[in-house]
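# Coordinate inspection notes
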Amino acid sequence: MRSGGAPAPESVLDPHERVDLAELLAESGLTDLLTRLDRELVGLRPVKSRIREISALLLVDRLRERFGIDTARPNLHMCFTGNPGTGKTTVALRMAELLRLIGYLRRGHLVAVTRDDLVGQYVGHTAPKTKDVIKRAMGGVLFVDEAYYLYRTDNDRDYGQETIEILLQVMESNRDDLVVILAGYADRMDVFFQSNPGMGSRIAHHLDFPDFTVDELVRIGLLMADQLGYRFSGPALPVLREYLERRRGRPLFANARSVRNAVERARLRHAGRLLAAPGLVGRAEVTTLLPEDLLASRVFETGSAR
Ligand SMILES: Nc1ncnc2c1ncn2[C@@H]1O[C@H](COP(=O)(O)OP(=O)(O)O)[C@@H](O)[C@H]1O
Ligand SMILES: [Mg+2]
C-alpha cells in the first residue's frame, strides 16, 4: 500500500497485460501541461528538462504500481535557487499542479510563506504557527521563500530553529502528502545547507534558475504584452531591447519581474498618451505600444542612477 494521498490503484493488472503509454500520457493531462509550460515560460531549459524527468518517473511509477510492483514513494522535496524574478514561484505553482495531475498530491495547491509566517515572536508561539502552516499546505506544496532566514548563525536560541526541526520531521515522514520547496539565492542557500545538513539531505532535487539573457527578457516582454492584449510597434521593438539591456545593468534589477513592471509602466504611458491628445482611435491604437511609451522611462536618462 502506498502512503500519502495518491489515489489507490485500480485492480492489479495481469502480468501479461500491455498498457498504451501514449494513452496514459494523454489521459493524465501531462502532455498538455508540459506543452503549456514550454510555451508560457521563456528559457529555463535545465528547469524544464528536470520537470520532464520528474514527471516521467512519477508516471512510470504509477504504471508499475498498477502491475502490483510495490514502489517506494519518491522523495520530491526541492530547492529552487536563483536571483529574484527568475521564475521560482511561477515554476513552483506549475509543479504543484503537475504533481496533482499525476496523483502524487491530493490538492496541488501552493502555500507560499517566509520566515514571518512560520516563526513566532515569543516562547511557545513558533510550533503552533509552523504546524498551522503545514496543515494548510497538506496535499499541496509548501513553498518557503528565502528559507535561509529560518536559521540565524548569530543566535542559537533563535525560534527559527524550532521551525526547522518541525519541517525536518514532516519532510522525513513520507506519509504526509506534502512537498516542500525551499527557495532563495544560491550562495545563501549553500550556507544554510552547510549549517543544516539534515535539511540538505532531505532535498531530492536542486533546480537552479539562471538569470535571463537579453534575448529571453525581450521574449518575456513580448509574451507578457501579448497576454495583456498589447503589441509593440515595429519601431518599439529595438527600444524594448535597449530598455532591457540598460535595466539589466541597474541596481534592483529583478529579471522577469522587471520586465513585467516595464510592460505595466508602458501601459500607463500608452493610456496617458491616448488621453493627452484625445481623437479618433481604433483597435490598433488601443493595442499598440509605441517607442515613446518606453522612452519616457528614467532608464533612458543619461547619468541617472536607475
Ligand atoms: N520564464 C519565464 N517566462 C515568462 N515569464 C516569466 C518567466 N519567469 C518568470 N516570469 C514572470 O516573471 C514574474 C516573476 O516571476 P516569479 O516566479 O515571481 O520569480 P521569483 O519567484 O524567482 O522571484 C512573474 O510575473 C512571472 O509570471
Ligand atoms: Mg518568488
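The structure we're discussing is the one just above.
So, a few notes on the structure that sits alongside this text. (Residues numbered from 1 in each chain as written. Chains lettered and ligands numbered in written order. Predicted model: local features only at pLDDT ≥ 70, side-chain atom pairs only at ≥ 80, totals over all residues. Heavy atoms only, no water.)

### Quick notes on helix H7 (residues 160–172)
Across its 13 residues, H7 extends 18 Å between first and last C-alpha, which sits within 8% of the 18 Å expected from 1.5 Å per residue. Taken together, the buried positions of H7 are Gly160, Thr163, Ile164, Ile166, Leu167, Leu168, Val170 and Met171. If you follow the buried residues of H7, they end up packed against helix H5 (115–118), helix H6 (126–137), strand E3 (141–145), strand E4 (179–184), helix H8 (186–195) and helix H9 (197–202). (Helix = DSSP H or I, 4+ residues; strand = E, 2+ residues; numbered from the N terminus. Expected span 1.5 Å × (residues − 1). Buried < 20%, exposed > 50% of the residue type's maximum accessible area, 1.4 Å probe, protein only. Contact = heavy atoms within 4.5 Å.)

### Re unusual backbone geometry
The phi angle at glutamate 146 is positive, at roughly 50°, despite the residue not being glycine. Along the chain, the position of glutamate 146 falls in the loop between E3 and H7. The class for glutamate 146 is partly exposed, based on a relative accessible area of 27%. Its identity as a non-glycine residue notwithstanding, asparagine 255 has a phi of 45°, on the positive side. Its place among the elements puts asparagine 255 in helix H12 (residues 255–276).

### Description of the packing of aromatic side chains
Applying the stated criterion to the full structure yields four aromatic pairs. Look at tyrosine 148 and tyrosine 149: their rings are 5.3 Å apart centre to centre, the planes differ by 75°, and that puts the pair in the edge-to-face class. Tyrosine 149 sits in the partly exposed class, given a relative accessible area of 38%. Considering the side-chain rings of tyrosine 243 and phenylalanine 300, the 6.1 Å spacing of their centres and the 50° angle between planes classify their relative orientation as tilted. (Phe/Tyr/Trp six-rings, centres within 6.5 Å; stacked < 30°, edge-to-face > 60°.)

### As for the layout of surface pockets
Taken as a whole, the largest pocket holds about 650 Å³ of empty space. Every residue lining the largest pocket is counted, 27 residues in all, and those nearest its centre are Gly85, Thr86, Gly87, Thr90 and Ala256. Breaking the lining of the largest pocket down by element, the ones donating at least two residues are helix H4 (88–101), helix H10 (214–227) and H12. Split by domain, the lining of the largest pocket shows at least three residues from each of two domains, domain 1 (75–209) and domain 2 (214–300). (1 Å grid on protein atoms, 1.4 Å probe; cavity = no way out; pocket = protein on both sides within 12 Å on 5 of 7 lines; lining within 4 Å. Points joined across faces, edges and corners; volume = space filled by probe spheres on them. Domains from an automatic or database assignment.)

### Topic: the nonpolar core
Formed by 57 residues in total, the largest nonpolar core has its most connected members in Phe80 and Leu99. For this core, the domains that each give at least three residues are domain 1 (75–209) and domain 2 (214–300). In this structure phenylalanine 80 touches Lys88, Val91, Ala92, Met95, Phe143, Ile181, Leu182, Ala183, Gly184, Leu207 and Phe209, once residues within four positions along its chain are discounted. With 29 residues, the next largest nonpolar core counts Ala127, Tyr148, Ile166 and Phe192 among its residues. (Core = buried A, V, L, I, M, F, W, Y, C linked by side-chain atoms within 4.5 Å.)

### Digging into the sheet that holds strand E2 (residues 110–113)
Strand order in this open sheet of five strands is E2-E3-E4-E1-E5, and the pairing throughout is parallel. Among the strands making up the open sheet, the edge pair consists of E2 and strand E5 (205–209). The mean inter-strand angle of the sheet, taken between neighbouring strand axes irrespective of direction, is 20°. Relative to E3, E2 is paired through four bridges, and the arrangement is parallel. Bridging from a neighbouring strand, valine 111 pairs with leucine 142 of E3. Seen against the sheet, H4 touches strand E1 (78–82), E2, E3, E4 and E5 and runs at an angle of roughly 155° to E1. (Pairing = 2+ DSSP bridges. Axes fitted to C-alpha atoms, helices over the stretch in contact; angles between N-to-C directions.)

### Examining the site of ligand 1
Around ligand 1, a shell composed of 18 residues is seen, among which Lys88, Thr89, Thr90, Arg257 and Arg260 lie nearest. For ligand 1, an oxygen atom lies 2.8 Å from a polar atom in the backbone of glycine 85. Contact between ligand 1 and arginine 257: an oxygen atom at 2.6 Å from a side-chain N or O atom of the residue. In a pocket analysis with a 2 Å cut-off to the grid points, ligand 1 is assigned to the largest pocket. Looking at the shell around ligand 1, the elements with two or more residues in it are H4, H10 and H12. Looking at the shell around ligand 1 residue by residue, the classes come out as eight nonpolar, six polar and four charged. Formed jointly, the shell around ligand 1 draws a minimum of three residues from each of two domains, domain 1 (75–209) and domain 2 (214–300). (Near = heavy atom within 4 Å. Polar contact = N/O pair within 3.5 Å; in protein donor to acceptor, adjacent residues only side chain to side chain. Sits in = over half its atoms within 2 Å of the grid points. Nonpolar A, V, L, I, M, F, W, Y, C, P; charged D, E, K, R; others polar.)

### Some points on the side chain of histidine 270
Structurally, histidine 270 can be placed in helix H12. Not counting residues within four places of it along the chain, the set of residues in contact with histidine 270 comprises Tyr230, Glu285, Val286, Thr287, Thr288, Leu289 and Asp293.

Function cannot be inferred from these measures alone, as they are strictly geometric.
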